[in-house]
Amino acid sequence: MSFEEALALASRDEGFKATVYSMNTLLIHKGIYTQEEFQALFVEWVEKEQRRKSPEPRRAETANAYSA
């Protein structure tokens with residue numbers, strides 16, 4: 001299968017996934033980074049996204065102008 005045929009067959013989402021897969025595979029095989037480094041950064045990104053998505057806990061009102 002040629003690249004053009006694969007591109008035509010893949011949905012937009014599949015094309016994106018194939019691009020990420022290809023780039024990461026090349027970078028790992030060329031020794032730019034290791035699988036462990038990739039996994040650590042992947043986990044770091046997901047954790048940041050989870051913190052961003054979750055609502056911040058409300059802080060206790062310690063300085064209320066109306067309290068005595």
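Going by the structure above, here's the rest.
Residues numbered from 1 in each chain as written. Predicted model: local features only at pLDDT ≥ 70, side-chain atom pairs only at ≥ 80, totals over all residues. Heavy atoms only, no water.

A. Quick peek at the overall build of the protein. The helix and strand inventory of the protein stands at 3 helices and 0 strands. Counted from the first residue to the last, the protein has its helices and strands arranged as α-α-α. Relative to its full complement of 68 residues, the protein shows a buried share of 4%. When the accessible surface of the protein is totalled, it reaches about 6900 Å², and 59% of it is carbon and sulfur. (Helix = DSSP H or I, 4+ residues; strand = E, 2+ residues; numbered from the N terminus. Buried < 20%, exposed > 50% of the residue type's maximum accessible area, 1.4 Å probe, protein only. Areas by Shrake-Rupley, 256 points an atom, 1.4 Å probe, with all protein chains shown as cover.)

B. Summary view of the side chain of N24. Here N24 lies in helix 2 (residues 12-29). Residue N24 is classed as buried on the basis of its relative accessible area, which comes to 17%. When neighbours within four sequence positions are excluded, N24 is seen to be in contact with Y33 and F38. (Contact = heavy atoms within 4.5 Å.)

C. The arrangement of helix 2 in detail. The terminal C-alpha atoms of helix 2, which comprises 18 residues, lie 26 Å apart, in line with the 26 Å expected from a rise of 1.5 Å per residue. Directly after helix 2, the chain includes G31, whose backbone phi takes a positive value near 80°. (Expected span 1.5 Å × (residues − 1).)

D. The arrangement of the pattern of salt bridges in detail. Taken as a whole and assessed by the stated rule, the structure comprises 3 salt bridges. For D13, the salt bridge is made with K17, and the minimal N-O distance between the two is 3.2 Å. Residue D13 and its partner K17 are both found in helix 2; the two are separated by 4 residues, about one turn of the helix. Residues K48 and E44 are paired through a salt bridge, measuring 3.4 Å at the closest nitrogen-oxygen approach. Of this pair, K48 and E44 both sit in helix 3 (residues 35-53), 4 residues apart, which is roughly one turn of the helix. (Salt bridge = Lys/Arg side-chain N within 4 Å of Asp/Glu carboxyl O.)

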